[in-house]
Amino acid sequence: MINLKIIWIEKRAADYCSFFCLLLLLFIPAQAALQTAGNVTRVSQPKTNGVVLETSSRAKVSIEFFDINVVRIRIAPSGAFERDFSYAIDYSLDRKTPVVKISQNAREIILTNYYGTKVIIRKTPFSIKITDESGKTILEDDTKHPTLFDKSTGEIQTTKLRKSEVETYYGFGEKAFTGMSRHGQYIVNWNTDTFSYPIGTDPIYQSIPFFYALYDGKTYGLYFNNTFRTYFDMGKTSPERYVFGADGGDLDYFVFTGGYERSPKKVLEDYAHLTGKTPLPPIWALGNHQSRWSYFPESRVREIAAGFRSRKIPADAIHLDIDYMDGYRVFTWDKTRFPNPKKMISDLKNHGFKTVLIIDPGVKVDEKYSVYADGKEQGMFVKNPDSSELQRDVWPKASAFPDFTDQKARLWFGDQFKKHLDEGIAGFWTDMNEPATFMTEKTEKPESFHHPAKTFPVNTPHAGDGFPDTHRRYHNLYGMQMARSTFEGVKKLAPERRPFVLTRAGFAGVQRYSAVWTGDNYASWDHLALTIPMLANLSVSGVPFVGSDVGGFNEMPSGELYARWLQAAALTPFLRSHSVGWVKNKEPWEFGDDFTRINRASIELRYQFLPYLYTLFREHELTGQPVMRPLWYQYPDDKQTYLIDDEYMVGNDILVAPVVKQGMTTRGIYLPVGAEWLDWWTGEKIESGKIHYLQPPLDRIPIFARVGAVIPTQSTIQHTGEMPSAVVTLNVIAGISPGKTEKAILYQDAGEGYGYKLKEWQEARIEHQKEKLNISYTGSFNGQKLLYIQAIGIRQRPREIRIDGHPVHMFEFDKDKHRLKIELTKQAKEISLIF
Ligand code: MIG
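None of the values given here were measured: they were computed from a predicted structure.

**Describing empty space enclosed by the protein**
- By the definition in use, this model includes 10 cavities of 30 Å³ or more.
- Roughly 290 Å³ of volume is contained in the largest cavity.
- In terms of lining, the largest cavity is formed by 20 residues, of which the most central are E82, R83, F85, N225 and R473.
- At the level of elements, β5 (70-76) and α8 (471-474) are the ones that each hand at least two residues to the lining of the largest cavity.

Shown next as structure tokens:
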């Protein structure tokens, strides 16, 4: 159920606190040695966009407008800034350094940008405040708890005032906390393999130290550009302030002011312009993926593929988990289980299936295994401080690990993909890259997720691409750099295709290389409910291509749970069912005929919406806007949306309110103010701004569409290879006010390759006015046939329908579902209804 009042209840399970309480305790004695930055002692202005300061603590501070709506603050406790390079930043994007006005008096230094946004730096003691053009505070230091650091340990910390106890926070990448907002929570970033994680486990696989603060309709964003273990206390210890810090590095952070509107969309636009976007994926990757640990031998893989086709359940990809390898040797095949991979892959391809392989970073220590021998000879593997090879047990037992923070190791690993690309493999799934290792040391203590022996020792050296340092600095980057090595390797080896990479671990910027799934969840209603806040927050953290294992990875779901999960996931950006191998089969047809029918319908719905989803991915590539969106993101002016965690939006126009509770027959639904909404299925108008109680039957996903929108769907297909012959329907959501014009786009291209970067794309641009639709086409790609207009929300049969001025008689009117379906003539330009 949705919780519309902002009440500060800790929804988290209580029993995971122990780890943090421990962390906090460890942290307290260190506090004693923390010192403040002191007073500003010297000001210089080396650039047009900001100042450099020295303080009485000998710290060096740089404050600048990094971009017109982005303030960057860097504080180097040591007095010398670190290398100004970040793996998170996309250096390929154009940037213009803004010119700012810099003024100074005895108390303050003030930077003012073109719009009148100000950074006010107080000198004694040093503190910062950012205000908007009307002088309202965007963000300010808590001067009672100023910037702190400990030069002996390298710890850094800063404290900001909260605007109110009802200031909410979002983003933070992949977090397993219930609830949409992160206020009152304590967050840690340290990539960790957390098999079958209970709700509330933190940290888990990914680290994205970026969040939004939202208060009274105004937003700013903050990205902490620090790859060490970082923490964020978002008003948990004290409701007046939030605190963040790290184990080392500079106190380097970017504040996204949200532009004139102070909107989440603007914050994300700027964050995406800093850390990059996901390139348009191949269309097949937006289809339905099926996985299990593991499908083998070859006959079972073929059986699964045939299972989809014979039951007419659409699917595009089948994933092979670790058991395809020869003794878990990465880039090999077990020849007994898979005697002829090339043949299998091409047969699957002929049936419309792409094959995706899991790739682990651990390379088996085995002199007779060429990947190991070659990597060792060329010095690609991570070493211990004493220069011996770092070896840890993972699936193949003792293994060595490429140093992905080294360009030469990334290139070397990337080249290994040639073999699988030649065999016809279409995508790669990079696992265990936190990095995760098995515990080899004997310990009396029970295994805990966060045991330090489950990854490399923190003093392990890394190359850091010219800035060598230890695992403490590079741990959180290992997964992202493995995904990068994979993406770049595959792109280089198969330049005519778009790589598909799926990664478990990552850092800010991982979206440039990979899709992300949320690791090892388990089959429970709580985990299903968690997928919405988890994926929505990850999505607005700059990572659009996200999904959770449908049905739960560990344990066995009931038919009802699996069906509801598939419904909840059907329109999420990445759709994959996955499972451990020790429970019963959980393919969509394993739960009895009734559920097979329901599951088929969910996947069919996914395929029907592909033209819409694909258009959104293209929009993301251009603008950084996410595919999946939380309600607050889209409607920050409607405070009722701030805590909604059981509904999500797909683009601007579709709102999904899945059933995530067992046996639920009545579901409360809230539709945000600022738009009008129709029930997708019935065409009934639903008033926004209040809760409605609907009775969604087991075979229905509650979906709502925004009045005025034009949403492209296509006829049902079995895989994306059939798309060229599928016909498109433009679903016009009726009820637009007179005089208003809504614009929509349907983007199409070959679904693969890079022809679209040149001329091979097509956009159908649609203008929707009351009872009238205009369609125009741009681009030279020959897109799918646009065959129908379906007006949803039409209450009476029109007297006449005209296409390009000519009356037409080919239409159907469904009075009960309030739908009017019109068949179009070729390249129709103007459709009008006359009542
Ligand atoms: O130690 O490859 O999250 O999806 O099936 C477990 C086996 C390793 C963890 C991944 C999961 C995958 C599993 N892997």
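Next comes the rest of the description.
**Some thoughts on the nonpolar core**
- Grouped together as the largest cluster of nonpolar side chains are 157 residues, with contacts concentrated most on Y223, V650 and I654.
- Ranked by the residues each element gives to this core, the list is headed by helix α11 (residues 559-569), at 7 residues.
- In terms of nonpolar packing, the next biggest core, distinct from the first, is built from 41 residues, V61, V100, I121 and I128 among them.

**Focus: the sheet that holds strand β37 (residues 648-650)**
- Sheet architecture is open: 6 strands sit in the order β36-β37-β38-β43-β40-β41, paired in antiparallel fashion. The open sheet has two free edges, formed respectively by β36 (628-629) and β41 (685-686), since each of these has just one partner strand.
- Of the strand pairs in this sheet, strand β40 (residues 677-679) and β41 are connected by 2 bridges, and their pairing is antiparallel. Paired with L678 across the two strands is K685, which belongs to β41.
- Where helix α13 (residues 610-623) meets the sheet, its contacts fall on β36, β37 and β38 (654-656), and the angle it forms with β37 comes to roughly 90°.

**Brief notes about the site of the ligand**
- Near the ligand lie 13 residues; those nearest to it are D321, D431, R504, D520 and H578.
- For the ligand, an oxygen atom lies 2.9 Å from a polar atom in the side chain of R504.
- Note that an oxygen atom of the ligand is positioned 2.5 Å from one of the side-chain N or O atoms of D520.
- Burial of the ligand by the protein amounts to 96% of the accessible area it has alone, namely 350 Å².

**Quick word on the side chain of R629**
- Topologically, R629 is positioned in strand β36.
- In this structure the side chain of R629 is engaged in a polar contact, spanning 3.3 Å, whose partner is the side chain of Q634.
- Setting aside residues no more than four positions away along its own chain, R629 makes contact with K265, L616, E619, Q634, Y648, M649, G651 and N652.

**Remarks on the packing of helix α3 (residues 298-310) against helix α4 (residues 341-350)**
- Contact pair α3 / α4: the axes reach a minimum separation of 11 Å and the direction vectors enclose 5°. Compared by their axis directions, α3 and α4 come out roughly parallel. Of α4, the residues touching α3 (which contributes E298, V301, R302 and A305) are K343, M344, D347 and L348.

**Side note on the sheet that holds strand β11 (residues 148-149)**
- In spatial order, the strands read β1-β11-β12-β19-β18-β14; together these 6 strands make up an open sheet with antiparallel pairing. Each edge of the sheet is formed by a strand with only one pairing partner; in this case those strands are β1 (35-36) and β14 (186-189).

**Some points on helix α10 (residues 525-539)**
- Here α10 spans 22 Å end to end across 15 residues, near enough to the 21 Å set by a 1.5 Å rise per residue.
- Along α10, the sharpest kink reaches roughly 30°, centred on T531 and followed within four residues by the proline P533.
- Taken across its 15 residues, α10 has 13 buried, putting it largely inside the fold.

**A look at the side chain of N69**
- Within the fold, N69 resides in the loop between β4 (60-67) and β5.
- Overall, N69 belongs to the buried group, its relative accessible area being 4%.
- Contact partners of N69, with chain neighbours within four places excluded, come to N113, Y115, V255, F256, T257, G258, G259, K266 and D270.

**Focus on the environment of K118**
- Position of K118 relative to the elements: it lies in strand β8 (residues 118-122).
- For K118, a relative accessible area of 30% translates into the label partly exposed.

**Section: the confidence of the model for the chain**
- Confidence in the prediction of the chain, expressed as mean pLDDT, is 95, and 95% of residues score 70 or more.
- Taken together, the stretch residues 1-31 has pLDDT below 50 and engages in 58 contacts with residues farther than four places along the chain or on a different chain.

**A closer look at the packing of aromatic side chains**
- With the rule as written, the count across this model stands at 63 aromatic pairs.
- Their ring planes at 85° and their centres at 4.9 Å tell us that F308 and W589 sit as a pair that is edge-to-face. Of this pair, F308 sits in helix α3 while W589 sits in the loop between β35 (575-577) and α12 (593-608); the two residues are 281 residues apart in sequence, bridging distant segments of the chain. Note on accessibility: F308 and W589 belong to one class, buried.
- Within the aromatic cluster, the residues linked to one another by ring pairs are F331, Y372, F381, F401, F404, W412, F413, F417, F428, F456 and Y478.
- One residue, R229, lies across the ring of W190, its end atom 4.8 Å from the ring centre.
- Here R329 stacks its cationic end above the ring of Y369, 6.0 Å away from the centre of that ring.

**Some thoughts on unusual backbone geometry**
- Looking along the chain, the bond that leaves T124 and enters P125 is cis, with omega of -10°.
- Within the element layout of this structure, P125 appears in the loop between β8 and β9 (127-131).
- Across the junction of W293 and S294, the peptide omega takes the value 0°, indicating a cis bond.
- Secondary-structure assignment places S294 in the loop between β21 (288-290) and α3.
- A positive phi angle, close to 60°, is found at F172, a residue other than glycine.

**Some words on the pattern of salt bridges**
- Within this structure, the stated rule accounts for 55 salt bridges.
- With a shortest N-O distance of 2.6 Å, K47 and E64 are connected by a salt bridge. With a gap of 17 residues between them, K47 in strand β2 (residues 40-47) and E64 in strand β4 connect regions that are remote in the sequence.
- Ionic pairing is found between K639 and D216, a salt bridge with its closest N-O pair at 2.8 Å. Residue K639 is found in the loop between α14 (631-634) and β37, and its partner D216 is found in the loop between β16 (210-215) and β17 (218-224); the two are separated by 423 residues along the sequence.
- By relative accessible area, K639 is classed as partly exposed at 44%.
- Through salt bridges with shared partners, a single network forms among D193, D431, E434, R504 and D520.

**A look at the pairing of strand β39 (residues 667-670)**
- Neither face of β39 is open: one carries R667 and I669, the other G668 and Y670, and all of them are buried.
- In this structure, β39 lies alongside strand β42 (residues 691-694), joined through 4 bridges in antiparallel fashion. Bridging across to β42, I669 finds its partner in H692.

**As for the packing of α11 against α12**
- It is at 9 Å that the axes of α11 and α12 come closest, and there the two elements cross at 10°. Considering the angle they form, α11 stands roughly parallel to α12. Contacts from G559, E560, Y562, A563, L566, Q567 and A569 in α11 reach F595, I598, N599, S602, I603 and R606 in α12.
- Class assignment of the residues belonging to the contact of α11 with α12 gives a composition of 7 nonpolar, 4 polar and 2 charged.

**Describing α4**
- Within the span of α4, buried status applies to P341, M344, I345, D347 and L348. Buried residues along α4 cover an arc of 165° about the axis, so they all sit on one side. The exposed residues of α4 that point more than 90 degrees off its buried face are K342 and N350.
- On its buried side, α4 packs onto α3, β22 (317-320), β23 (354-359) and α7 (418-423).
- Just beyond α4, the residue with positive phi is G352, at close to 80°.

**Examining the environment of V301**
- Position of V301 among the secondary structure elements: in helix α3.
- When residues no more than four places from it in sequence are discounted, the contact partners of V301 are Y295, I318, L320, F338, M344 and L348.

**As for the pairing of strand β53 (residues 819-823)**
- The pairing of strand β49 (residues 786-792) with β53 spans 5 bridges and is antiparallel. Looking at β53, one finds that A791 is bridged to L820.
- Where strand β52 (residues 811-814) meets β53, 4 bridges bridge the pair, whose relative direction is antiparallel. Each residue of the ladder has a partner; that of E812, found in β53, is K821.
- Remark: 4 residues form the turn of the hairpin made by β52 and β53, two consecutive strands paired antiparallel; H818 in that turn has positive phi of roughly 55°.

Criteria and cut-off values
Residues numbered from 1 in each chain as written. Predicted model: local features only at pLDDT ≥ 70, side-chain atom pairs only at ≥ 80, totals over all residues. Heavy atoms only, no water. 1 Å grid on protein atoms, 1.4 Å probe; cavity = no way out; pocket = protein on both sides within 12 Å on 5 of 7 lines; lining within 4 Å. Points joined across faces, edges and corners; volume = space filled by probe spheres on them. Helix = DSSP H or I, 4+ residues; strand = E, 2+ residues; numbered from the N terminus. Core = buried A, V, L, I, M, F, W, Y, C linked by side-chain atoms within 4.5 Å. Buried < 20%, exposed > 50% of the residue type's maximum accessible area, 1.4 Å probe, protein only. Pairing = 2+ DSSP bridges. Contact = heavy atoms within 4.5 Å. Axes fitted to C-alpha atoms, helices over the stretch in contact; angles between N-to-C directions. Near = heavy atom within 4 Å. Polar contact = N/O pair within 3.5 Å; in protein donor to acceptor, adjacent residues only side chain to side chain. Areas by Shrake-Rupley, 256 points an atom, 1.4 Å probe, with all protein chains shown as cover. Parallel < 35°, antiparallel > 145°, perpendicular 65-115°, else oblique. Expected span 1.5 Å × (residues − 1). Bend = angle between axes of the 7 residues up to and from the residue. pLDDT = per-residue confidence, 0-100. Phe/Tyr/Trp six-rings, centres within 6.5 Å; stacked < 30°, edge-to-face > 60°. Lys NZ or Arg CZ within 6 Å of the ring centre and 35° of its normal. Salt bridge = Lys/Arg side-chain N within 4 Å of Asp/Glu carboxyl O. Nonpolar A, V, L, I, M, F, W, Y, C, P; charged D, E, K, R; others polar. Arc of directions from axis to C-beta.

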